[in-house]
Each structure stands twice: as C-alpha cells, then as structure tokens.
Amino acid sequence: MNRSIVTSLTLFLGLVAMATGIGLENENWPSFRGRDALATVADDSRLPATWSTTENVFWKTPIDGLGWSSPVVWGDQIFLTTVVNDGENEEPRMGLYFPYGTPRAAPGYPQPKDGERMQRSQDFHHWLVYSIDFNTGNLLWTTKVNTEAPQFDRHLKNSYASETPVTDGERVYAYFGNVGVFALNMDGTLAWERRFEPTTTRMGWGTAASPVLHEDTLFVVNDNDDQSFLVALDTATGEERWRVDRDEGTNWSTPFVWRNDDRIELVTAGSGQVRSYDLDGRELWHFSGLNSIAIPQPFSEHGLLYVTSGYLGDEVKPVFAIRPGAEGDITLRGGQRNNDHIAWYQDAAGPYHPTPLVYGNHYFTILDRGFYTVHDARTGEELYFTEQQIQNSEVRRRVTRGSGGFTASPWAYNGKIFALSEEGDTYVFDTANDFRVIATNSLGEVAMSSPAIANGSLFIRTRSHLWRLSVR
C-alpha cells in the first residue's frame, strides 16, 4: 500500500477514534490479556454487559479439538490454536478435583500424588492454528503444524494447546510448549518453525505459559523439571538470539514485558524466584516468596509491577507490588511487608489460576473457589475480605453460592468487571455499586480460556465454540 495512503488512513482512523471516544488501542488484541496484559479497554457502548446463547450474539463458530488458548485479534482476523485427536478426548474436569480418581500414568513415570491425574493418549493428534473472519465467524484458513502421538503428558484439566498465540500484524506466533514455536504469515503459510525437545513437567501436568513480543523479538519461557530456560527468538527468521538456563522447576506463568520509567525488562514468575531480565538476557533483580506453583501472569499499572501466586495447597498466597529500578536481591526479610523496591505485600490474596486485574484504583482478584477480594492498587489496603477472613466470618464475599471454579482471568470495561466460571457463566461486578454482582451471563459450556476484546466485540472461547458478543 502507498505510504501516503497509509498515513491518510491512520489520520482518518484517529479522527474516528476521537469522534467516537474509542481509542485505537481497542482495535486489536494481539496477545494473552491484550496489548499491555491489563485485560481492560476504553469504554465502548458496543461492548455488552449482558448476553446469553441468543442475546447479543453476533456469531458463534464451532471449534474442533481441544484447547484452552485464548483468541487473539488483529484487524479482520482472529487467531486460535487447538489440537484435534484422531481418537476420543476424555472431557475436561471442572472444579478442584479432590479426589480425582485413578491416575493413568505412562509406564515407568512417577505416579501422581494426592489424587491428581494426568492423561497421555496413544492416538495421533494434530496441532492446528485457525484464522477466523472477524465479521462473519467463518474459517479463513487452517494450518497444521504438527502430527504425532504425544510422548508427553497433560493434566486432564489442561490441553495440548493452552498457550495463547501472539501476533504483530505481520505474523502470528503459535507456541506449543512440548512441540515448539511456529511462525505463520497472515495468510496461514509457514514462515519458520523452531522445535523443542519434549521435557518432563511436574506430575505430567503439561505446559501453559504463553509467548510475548517486544518489537522484533519473541520471548518464550519453558519452565520444566528437566532444564528450564528462557529464549529470545528473531521474529523474522526464528533465529535464537540468546538463551539462559533457569534454576526453576515447572511453572505455568506467562512472562511480562515491563515498560517502566527506568527501562524495559522481561519479568518471569517462578516458584523458586521471581526474576527480571534485560532485553539481552542479563538478570537485573530477583526475589523469593511466591508459593510452590506459579500460574498468574505479572502485569503493571500505576507505575507498579504486580506478581502473585496462590496454590490452594499452600498456606501463604502472596501478592507483591514492585517499584521500578531494582537491582540484585530484593527479597523481603523476616516480618517485612515492604522495602525500597517492594511497595506492598499481602500474604492471603493470591489466586491459583486467574491473573488479577487493576481497574481504576482497584486491585481485583477472583479466587478459584468463587470468592473475590478488592484492594487499593497503590497501597495494598484491603477494601474487602481476604479468603481467610471470609472463612472465619459470617459475612461472605462470594460471587454466588454454587458458582463453581474459576480458571479464566477477569476483564473489565464500561465500569464493570467480568469473571468467567468454568461452567461458562460470566458474573458481572458493578464497580460503582460496591462491587456487587448485577448480572450472570451463561453460555452453557465449559470455559477455561481468558477472553479477547477488540473493535467493540467480546470474544469468549468455550469448550467447543468461539463466540463474538456485541451490542448491535
């Protein structure tokens, strides 16, 4: 396209955005939890507060196979990954799975403990990337990047396509943890691939951490029980720019590119250490204090970096708010709740699966069992009950009785916060009304993927469908 035409189009879109009050940042959703990993967008009257299987449904598209990756959106294309099994998938199990039945471990593999379960199939599986038309929901193209009978395991609640792809508008980068990275052009043709040898994950639970982009570099964290690593790949060629080994066991936390007033750094959450690296792979700072499993993604707002974890089997479920500019070991020492670089700390507000949300001045957490907490994002002050306080109090800050488990991360727009349960019910919290639940929107299918928001539409992936929801 002629450069002058591109300039004119950009100016036109900018004028439209100013006229409608809708920012250009609402147009694309290129990665897990959006462009800045905040899972929020500017107010937009087209975005629905209520929906059902018929209300405010623009289209509904069947998705083959099994995958819990989130959709990403660029222009008129929605990208999604899935894995199709030639045999039959055992359906995902909702909830906290205690007890969980008899494990089916591969011969010679350590048996899961505490009733946990992993699944390995001997059927051939097909790793696929889909492009779906934004306007119609029709499938534009399908690219198969791998076919094999998996020689690695996954938890029954996990999938072989749980990592969310990322796109820069030139290519879409699909990462499957025990297979590799596949860069596809926008027409679905393969630009390059970088395969990884399968590794052993904790208890055979599989992988889930998504890749992230900064300019022309793709960052992938692979924390496993063999040798964890962080690798930087050239987006044009797939060439490995650098790789650093990590002293970590298996984790499932997506890294975060933190653009702060001091510098740009790559933050990784691990059960051993939270670490920050510069863009050349040099470690800048670290601290210990997360619990035994790290899943939520770090993110930033109000000049602070938020890092959390909340495995249900651990007594402490920490949240840390970090100031920019740290160097070396910034671990809190005995009894400390802050230091020069840790602005505040909470020991009972961390979620297991969902990444929390900052909306306005509120730090909002949906906990896996349906409780929620709200803190002041700048100070950490508790505005509502922690889960421990809830359990010891007659007042219960719970979404609703029987709301089931929560794996997807919450999102926000138009003064509302939304939390999607594993049963496919989205609970709507009114921030102007004491964070009370004002609506429940059901899609009637199991849901564990975090949604995408782009161009006036909400995209929710359920077990067998992708939904585009919008006020017409």
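Everything numeric in this text was worked out from a predicted model, so none of it was measured. (Residues numbered from 1 in each chain as written. Predicted model: local features only at pLDDT ≥ 70, side-chain atom pairs only at ≥ 80, totals over all residues. Heavy atoms only, no water.)

(A) Representation of the sheet that holds strand S22 (residues 319–322) in the model. Strands sit in the order S20-S21-S22-S24 across an open sheet of four strands; the sheet is antiparallel. Each having just a single partner strand, strand S20 (299–301) and strand S24 (342–346) make up the two edges of the open sheet. Direction aside, the axes of adjacent strands within the sheet are offset by 20° on average. One ladder, built from three bridges, connects S20 with strand S21 (residues 304–308); its direction is antiparallel. (Pairing = 2+ DSSP bridges. Helix = DSSP H or I, 4+ residues; strand = E, 2+ residues; numbered from the N terminus. Axes fitted to C-alpha atoms, helices over the stretch in contact; angles between N-to-C directions.)

(B) Region of interest: the pairing of strand S11 (residues 190–195). Two strands pair when backbone bridges link them, and strand S10 (residues 180–185) and S11 are joined in this way by five bridges, in the antiparallel orientation. Counted as the bridge partner of Gly180 is Arg195 from S11. Counted along the chain from S10 to the antiparallel partner S11, the turn is four residues long, and its residue Gly188 has a positive phi close to 95°.

(C) Fine view of the environment of Gly177. You can see Gly177 is positioned in the loop between strand S9 (171–176) and S10. As for Gly177 and Tyr160, which are separated by 17 residues in sequence, their C-alpha atoms are 8.1 Å apart. Apart from the residues lying within four places of it in its own chain, the contact partners of Gly177 are Glu163, Phe196, Thr207 and Asn222. (Contact = heavy atoms within 4.5 Å.)

(D) Quick look at the side chain of Thr217. Along the polypeptide, Thr217 turns up in strand S13 (residues 217–222). Judged by its relative accessible area of 9%, Thr217 is buried. Within the structure, the side chain of Thr217 is placed 3.4 Å from the side chain of Asp216, a separation counted as a polar contact. Setting aside chain neighbours within four positions, we find Thr217 in contact with Val212, Ala232, Leu233, Thr235 and Arg241. (Buried < 20%, exposed > 50% of the residue type's maximum accessible area, 1.4 Å probe, protein only. Polar contact = N/O pair within 3.5 Å; in protein donor to acceptor, adjacent residues only side chain to side chain.)

(E) View of the packing of aromatic side chains. Here the structure, examined in full by the defined rule, presents 29 aromatic pairs. Ring centres of Phe219 and Trp242 lie 6.0 Å apart, and the angle between their planes is 45°; on these two criteria the pair is classed as tilted. Of this pair, Phe219 sits in strand S13 while Trp242 sits in strand S15 (residues 240–246), and the two are 23 residues apart along the sequence. Accessibility classification places Phe219 together with Trp242 in one group, the buried group. By the ring-pair criterion, three or more aromatic residues cluster together here, those being Trp51, Trp411, Tyr413 and Phe418. Sitting above the plane of the Tyr160 ring, Arg154 keeps its charged end 5.5 Å from the centroid. (Phe/Tyr/Trp six-rings, centres within 6.5 Å; stacked < 30°, edge-to-face > 60°. Lys NZ or Arg CZ within 6 Å of the ring centre and 35° of its normal.)

(F) Structural view of unusual backbone geometry. The backbone phi angle of Ala37 is positive, close to 60°, even though this residue is not glycine. Its location among the elements puts Ala37 in the loop between helix H1 (3–20) and strand S1 (57–62). The phi torsion at Asn455 lies on the positive side, around 50°, for a residue other than glycine.

(G) Up close: the confidence of the model for the chain. Chain-level pLDDT for the chain is 88 on average; 85% of the residues reach the 70-or-more range. Counting contacts from residues 1–24, a segment whose pLDDT is below 50, to residues more than four positions away or on other chains yields ten contacts. Taken as a whole, residues 98–111 scores under 50 in pLDDT and shows 33 contacts with residues more than four places along the chain or in a different chain. (pLDDT = per-residue confidence, 0-100.)

(H) Structural context of the nonpolar core. Trp51, Trp411, Tyr413 and Phe459 are the most contacted members of the largest nonpolar core, which totals 47 residues. Top element by residues in this core is strand S29 (residues 416–420). It accounts for four residues. Setting aside its immediate chain neighbours within four residues, Trp411 contacts Ala39, Trp51, Leu357, Lys416, Ile417, Phe418, Leu420, Thr426, Pro451, Ile453, Leu458 and Ile460. Counting 32 residues, the second largest nonpolar core, distinct from the first, contains Val267, Tyr306, Val319 and Val358. (Core = buried A, V, L, I, M, F, W, Y, C linked by side-chain atoms within 4.5 Å.)

(I) Main features of the pairing of S9. Of all six residues that make up S9, six are buried, and the element is covered over most of its length. On S9, burial covers both faces: Arg171, Tyr173 and Tyr175 on one face and Val172, Ala174 and Phe176 on the other are all buried. Relative to S9, strand S8 (residues 166–167) is paired through two bridges, and the arrangement is antiparallel. If you follow Val166 over to S9, its bridge partner there is Tyr173. The antiparallel pairing of S8 with S9 creates a hairpin that spans three residues between the two strands, and Gly169 there sits at a positive phi of about 85°. If you look at the hairpin formed by S9 and S10, you'll find three residues sitting between the two strands.

(J) Structural context of the side chain of Thr164. Mapping Thr164 onto the fold places it in the loop between strand S7 (154–155) and S8. Residue class for Thr164 comes out buried when judged on its relative accessible area of 2%. Of note is the side chain of Thr164, whose polar atom sits 2.9 Å from the backbone nitrogen of Ser70. Once residues within four sequence positions are removed from consideration, Thr164 is found in contact with Ser31, Phe32, Ser69, Ser70, Val72, Ser210 and Pro211.

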